[in-house]
Amino acid sequence: MGINDFWTDALGDWMSVCKHEKLSNYAGQRIAIDLSIIINKSLRTDIDRLSATCNPTYKCKDLLQNIIVEHEVLTKTGILPVYVYDGMSPEEKKKEKERRRALLEKAGDKYIELRQQAIDNINAVEPIQFSAEQLKEATESRMKSGKPTPNDQTNILQWMKKQGLECYGSLLEADQQMVALEQDGIVDGIMSEDGDTIANGGKVVYCKLSRKGGYLTCKVFKRDDFMKDCNTYNSKLCTYPELMVDVALLLGNDYMSRIRNNGPVMVLGKYANNEAAEESRRRGNTRGRRQEDGLIDRLANADDKVTFINTLGNNGKRALTEQQRTQYWEARKYMLHAPVIRKNRDTNELYIGPLNDLPAGDGTDWIAYLGSSCGLELVMSDDNLLNDIYNCNILPLTRKPFDCYDGPHNEDGTNAEWFQVLDFNKDPIPIQPTLCLVNWCRARGVDVHPTRSSREYIEQCTRNCIRVNKPLSDDPLTPITGAHDGYRLIKNRIARNDRDTWNNNFVEQMHNIKTMNDKVLKHYLDSGNRADRPSLHERVKRLVESGSYSIKSISCRNVESIDEDTNGSKCILFRFDCLSSRTKVIHQVYAVFEDKKDGEYMIKLSSCSCKKGQYFCSHLIGFLHIIGIVQTHKINSEKELERLYPTKPELIYKEPIRIELNILKDMHRREEAQSKRQSKRQRTS
Ligand SMILES: [Zn+2]
């Protein structure tokens, strides 16, 4: 979370003066990246959030996919990512960790509360039953509390090693190790959104990463440039570079919670002219110089800095409490001198050294100086262990071998997939998320579905399986990995033609549909309750032109409506993949049309796995555009369209998750079996 008010205040006007630039300007640079930054934001899908919060925990598969995509996006700019893994968490940060854990648990408290009720009722004759709303709320709260586990770190690390990517482990936190790697010349810069990286001494810090106009952009903090005498940043950090760590601690950061009243004005000083500053702020330019009345100015002038902090560290008037005092000096020691792993350039030997040299005359005894209880002694006496941590031969976070994090196993020792194993004592059946129960049953060959089966039925099936101790099926049903159900308002239809199954000859069907000209599209846009905004048109156009549609993935088949307004109407369903322009996630899109000459688009029956999917999203609108292109350019074959429409390589090489198609295959297999049985009965009777 970094330092409070760091970017907006401590860096002065740096944020507005320093412009975003393309990351590709830095092609060839070796940039250290804290894995925890990309891993936390990559935990996105429901199935992953459930996997991470399950008892036992499962590997988050989409997470790995997202990291792979993230890595591809980064390397496409030409930079060379060097990944750095967190080690054991240090004492100093424990408080913040505890606070965050409490926050996470708060995120999950709705789940924990109902789970306790379920546990209390575990032996009741009549099982407790929660309402659909309660369950929904509890599951959502549980998913919110999800974060990547050591399973996931190991999974990603193993992928990186297989790819031959360069990665390093840290003794304690990645933040300090990244700075050490930069100091040692192993990397040219650090990618971080955390102000502590700058306070810790990072020289070139790539931050504020964003996607603008299809490019990855960032702001680059360059210490040498920032510290130049002629700089226009108006930052107190330039005035007192040696007090950076004190600014961080006085403002409050991960190691030291903010002391009451020590806001940015108190620590850094009042603005020289508040009115002018206010005006500047309005214009978004500069906020001007601060007066020399901040705590930091007084600290700089104090002869005895320790006494100053201890007696006046609370808003310049009050002494720190005993606890604050301890925290301040421990944190300061750690930030400046955290133990990091270094490599002797001549001998290639690894050794543990401080981030910055220990104060003279003090600290020949590391452990006494740092007061660390993170197994420092152990690593210092074991060169192999040090080597394994640095080179990520084990998981640096726990210092345990990879095979400890293989994920849960079935009774026969094979790896358990998708909730095949669930601990019903820890999460009793009534509180288990539907998706978990469904996949547990499907692994045992019991055909249940999150939206087509009732919750009651799913719970009943689970209890039956437990009662008869039903083993895993040799031919399990395909797991269901998402809540999105393209079949919410449609069902498969048999019309005795080649579209009774999934069919890739879709161009002919496209020509059958009502001509998609601009007028028709506008009409659909209006009826879709999406205002006819030029920006939306622009976005759709970009989406189509950027090759976000996978033509190869388009397939169609006969369906019929089960929606009350259009029940029974004969339709044709197009299913395809579309790459999200922003998140690089592949969405599964279901577009439904009337199955007749000049068939209309069935807006209500169509859907997409993206968040906006239920309201006619840009992925669906873009598909109508593509149909329009096929119609007006008289494209007559799928091959021709594939040739004319260049699909993004991510879509071709990345194997999309075909789970849903498989489910549909399951359904079809069952339908076929059913109709065979029926005709057999008819023949025999
Ligand atoms: Zn969509």
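Computed from a predicted structure; not experimentally measured.

Draft legend 1. Main features of helix H19 (residues 322-337). Given a rise of 1.5 Å per residue, 16 residues ought to cover 22 Å, and the 23 Å separating the end C-alpha atoms of H19 matches this to within 8%. Considered for burial, the residues of H19 that qualify are Gln324, Gln327, Tyr328, Ala331, Tyr334, Met335 and His337.

Draft legend 2. Region of the structure containing the packing of aromatic side chains. Under the defined criterion, the tally for this structure stands at 16 aromatic pairs. Ring geometry for tyrosine 26 against tyrosine 206: centres 5.2 Å apart, planes inclined by 85°, an arrangement best described as edge-to-face. You can see tyrosine 26 sitting in the loop between strand E1 (21-22) and strand E2 (30-34) and its partner tyrosine 206 sitting in strand E6 (residues 204-212), a full 180 residues away along the chain. Classification of tyrosine 206 as buried rests on a relative accessible area of 1%. Consider the rings of phenylalanine 226 and tyrosine 233, whose centres lie 5.2 Å apart with planes at 20°: the pair is stacked. Taken as a pair, phenylalanine 226 and tyrosine 233 share a single burial class, namely buried.

Draft legend 3. Spatial organisation of the state of the cysteines. All chains considered together, the criterion is met by zero disulfides. Of all cysteine sulfurs, the one in cysteine 18 lies closest to cysteine 207, which takes part in no disulfide; the gap is 7.1 Å. Cysteine 207 gets classed as buried once you look at its relative accessible area, which sits at 0%. Here cysteine 441 is not cross-linked by a disulfide; its sulfur's nearest cysteine counterpart is in cysteine 465, at 4.9 Å. Take cysteine 441: its relative accessible area is 0%, and that puts it in the buried class.

Draft legend 4. Inspection of unusual backbone geometry at higher detail. A cis amide bond, omega -5°, links asparagine 55 with the succeeding residue proline 56. Counting through the fold element by element, proline 56 comes out in the loop between helix H4 (46-52) and helix H5 (61-76).

Draft legend 5. Summary view of the environment of cysteine 54. If you trace the backbone, cysteine 54 turns up in the loop between H4 and H5. Separated by 369 residues in the primary sequence, cysteine 54 and aspartate 423 have C-alpha atoms spaced 8.5 Å apart. The contacts of cysteine 54, once residues within four sequence positions are left out, are Arg142, Phe419 and Leu422.

Draft legend 6. Spotlight on H5. End to end, H5 covers 23 Å across 16 residues, agreeing with the expected 22 Å (1.5 Å per residue, within 8%). Within H5, the full set of buried residues consists of Asp62, Leu63, Leu64, Asn66, Ile67, Ile68, Val69, Glu70, His71, Val73 and Leu74.

Draft legend 7. Quick look at the sheet that holds strand E11 (residues 555-561). The strand order across the open sheet built from five strands is E10-E11-E12-E13-E14, with neighbouring strands paired in antiparallel fashion. The open sheet is flanked by strand E10 (490-492) and strand E14 (607-608), the only strands paired with a single partner. In this sheet, E11 lies alongside E10 in antiparallel orientation, the contact comprising three bridges. Looking at the pairing, isoleucine 490 lines up with serine 561 of E11. Packing against the sheet, helix H28 (residues 618-632) makes contact with strand E12 (570-579), strand E13 (586-594) and E14, and its axis sits at approximately 60° to E13.

Draft legend 8. Representation of the side chain of arginine 493 within the structure. Tracing the sequence through the fold places arginine 493 in the loop between E10 and helix H25 (507-512). Residues within four places of arginine 493 in sequence aside, it is in contact with Asp500, Arg557, Asn558, Val559, Glu560, Lys570, Cys571 and Asp595.

Draft legend 9. Summary view of the packing of helix H14 (residues 244-251) against H19. Across the interface, H14 lies against H19 with an axial gap of 10 Å and an inter-helix angle of 135°. If you check the angle between H14 and H19, you find them oblique. For the pair H14 and H19, the sense of crossing is right-handed. Between H14, through Val245, Asp246, Ala248, Leu249 and Leu250, and H19, the contact on the second element is made entirely by Tyr328, Ala331, Arg332, Met335 and Leu336.

Draft legend 10. Molecular detail of the packing of helix H18 (residues 305-312) against H19. Between H18 and H19, whose axes approach to 10 Å, the crossing angle comes to 140°. Handedness of the H18/H19 crossing: right-handed. Note on element contacts: H19 touches H18 through Arg325, Tyr328 and Trp329, opposite Lys305, Val306, Ile309 and Asn310. Each residue belonging to the contact of H18 with H19 can be placed in one class, and the counts come to four nonpolar, one polar and two charged.

Draft legend 11. Structural context of the pairing of E13. The buried fraction of E13 amounts to eight of the nine residues, a majority that puts the element mostly inside the structure. Direction of pairing for E12 relative to E13: antiparallel, over a ladder of nine bridges. In the strand pairing of E13, phenylalanine 576 is matched with valine 589. Sheet topology places E13 next to E14; two bridges connect them, and they run antiparallel. Residue pairing across strands places valine 589 opposite cysteine 608, the latter belonging to E14.

Cut-offs used in this document
- Residues numbered from 1 in each chain as written.
- Predicted model: local features only at pLDDT ≥ 70, side-chain atom pairs only at ≥ 80, totals over all residues.
- Heavy atoms only, no water.
- Helix = DSSP H or I, 4+ residues; strand = E, 2+ residues; numbered from the N terminus.
- Expected span 1.5 Å × (residues − 1).
- Buried < 20%, exposed > 50% of the residue type's maximum accessible area, 1.4 Å probe, protein only.
- Phe/Tyr/Trp six-rings, centres within 6.5 Å; stacked < 30°, edge-to-face > 60°.
- Disulfide = S-S within 2.5 Å.
- Contact = heavy atoms within 4.5 Å.
- Pairing = 2+ DSSP bridges.
- Axes fitted to C-alpha atoms, helices over the stretch in contact; angles between N-to-C directions.
- Parallel < 35°, antiparallel > 145°, perpendicular 65-115°, else oblique.
- Left-handed = near helix turned anticlockwise from the far one by under 90°.
- Nonpolar A, V, L, I, M, F, W, Y, C, P; charged D, E, K, R; others polar.

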